[in-house]
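Tertiary structure, described
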Amino acid sequence: MTILDHKTQPQDKWRDGVMTEMRVSALVQSKQLCIFEQFCEPGLGAPMHLHAVEEVLEVMGGTAEIYLRDKTMVVTANQSVLVPAGARHGFKNIGTDTLHVRATLAAAIFEASYDDRNELSRRYVPADA
């Protein structure tokens, strides 16, 4: 059994005003889950993108405007949105405080395809994979 001490995990700058903490992924030997948290300054978030797997976006704090396909919804703390595999989605902080979102994907390796081809793509995978 491995204990993951999240207090010691670093945050990574994904883009200006958006910090990410990768909590569970293939990097820590997960086989089927990727869980990370994002902290987004007002007006910022995740641009439109899609994943090949389901994702749950859970707002831990703040207020998010979440885009799913052609729908827009306002989501607050203790609310989640299930994003179907292959569905275009994104979100942004529409509040005045930092938005805290936990994302859970049904794959140990994070991969996304962004509408904006200038967006830096990230792939979290162990060096020996």
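Residues numbered from 1 in each chain as written. Predicted model: local features only at pLDDT ≥ 70, side-chain atom pairs only at ≥ 80, totals over all residues. Heavy atoms only, no water.

Let's talk about the overall build of the protein chain
Counting secondary structure elements, the protein chain contains 0 helices and 11 strands. For the protein chain, the α and β elements follow one another from N to C terminus as β-β-β-β-β-β-β-β-β-β-β. Taken over C-alpha atoms, the radius of gyration comes to 14 Å for the protein chain, in line with the 14 Å a tight globule of 129 residues would show. Taking the principal axes of its C-alpha atoms as reference, the protein chain extends roughly 40 × 30 × 25 Å. Within the protein chain, the proportion of its 129 residues that are buried is 41%. Contacts in the protein chain between residues at least 24 apart in sequence constitute 61% of all its contacts with a sequence separation of at least 6. For the protein chain, the exposed area adds up to about 7300 Å²; of that, 52% sits on carbon and sulfur atoms. Seen as two clouds, the 13 positive and the 17 negative side-chain charges of the protein chain have centres 3 Å apart. (Helix = DSSP H or I, 4+ residues; strand = E, 2+ residues; numbered from the N terminus. Rg over C-alpha atoms; globule rule 2.2 N^0.38 Å. Buried < 20%, exposed > 50% of the residue type's maximum accessible area, 1.4 Å probe, protein only. Contact = heavy atoms within 4.5 Å. Areas by Shrake-Rupley, 256 points an atom, 1.4 Å probe, with all protein chains shown as cover. Lys, Arg positive; Asp, Glu negative; His and termini not counted. Charge placed at Lys NZ, Arg CZ, Asp CG, Glu CD.)

A look at the nonpolar core
In this structure, Trp 14, Phe 36, Leu 57, Ile 66, Phe 91, Leu 99 and Phe 110 are the most contacted members of the largest nonpolar core, which totals 24 residues. Those elements giving two or more residues to this core turn out to be β2 (18–24), β3 (34–40), β5 (55–61), β6 (63–68), β8 (79–83) and β10 (99–105). Sort the elements by how many residues they give to this core and β10 lands first, with 4 residues. Dropping the residues within four chain positions of it, Phe 36 is found in contact with Trp 14, Thr 20, Glu 21, Met 22, Arg 23, Glu 55, Val 101, Arg 102, Ala 103, Leu 105 and Phe 110. (Core = buried A, V, L, I, M, F, W, Y, C linked by side-chain atoms within 4.5 Å.)

Describing the pattern of salt bridges
Summed over the entire model, instances satisfying the criterion amount to 7 salt bridges. Of the charged contacts, one joins Lys 13 and Asp 16 as a salt bridge, the two residues approaching to 2.8 Å between their closest N and O atoms. By relative accessible area, Asp 16 is classed as exposed at 59%. Arg 23 serves as the salt-bridge partner of Glu 21, at 2.6 Å between the closest nitrogen and oxygen. On the basis of relative accessible area, Arg 23 is assigned to the buried category, the value being 17%. (Salt bridge = Lys/Arg side-chain N within 4 Å of Asp/Glu carboxyl O.)

Focus: empty space enclosed by the protein
If a probe as big as a water molecule is rolled over the atoms, it shows which places are left empty. Counting across every chain of the model gives 1 cavity of 30 Å³ or more. Within this model, the largest cavity holds a volume of roughly 120 Å³. As for the largest cavity, its lining consists of 17 residues, of which Phe 36, Gln 38, Ala 46, His 49 and Phe 91 are closest to the centre. Those elements giving two or more residues to the lining of the largest cavity turn out to be β1 (12–15), β3, β4 (45–50), β5, β9 (89–93) and β10. Its residues assigned to classes, the lining of the largest cavity comprises 9 nonpolar, 4 polar and 4 charged. (1 Å grid on protein atoms, 1.4 Å probe; cavity = no way out; pocket = protein on both sides within 12 Å on 5 of 7 lines; lining within 4 Å. Points joined across faces, edges and corners; volume = space filled by probe spheres on them. Nonpolar A, V, L, I, M, F, W, Y, C, P; charged D, E, K, R; others polar.)

So, the sheet that holds β4
Spatially, the 5 strands line up as an open sheet ordered β7-β6-β9-β4-β11, and their pairing is antiparallel. The strands lining the two open edges of the sheet, one partner per strand, are β7 (71–76) and β11 (113–114). Relative to β11, β4 runs antiparallel, the two being bridged by 2 bridges. Considered in β11, the bridge of Leu 50 is made with Ser 113. (Pairing = 2+ DSSP bridges.)

Focus: the side chain of Ser 25
Following the sequence through the fold, Ser 25 ends up in the loop between β2 and β3. Judged by its relative accessible area of 1%, Ser 25 is buried. In this structure Ser 25 touches Ser 30, Leu 33, Cys 34 and Ala 108, once residues within four positions along its chain are discounted.

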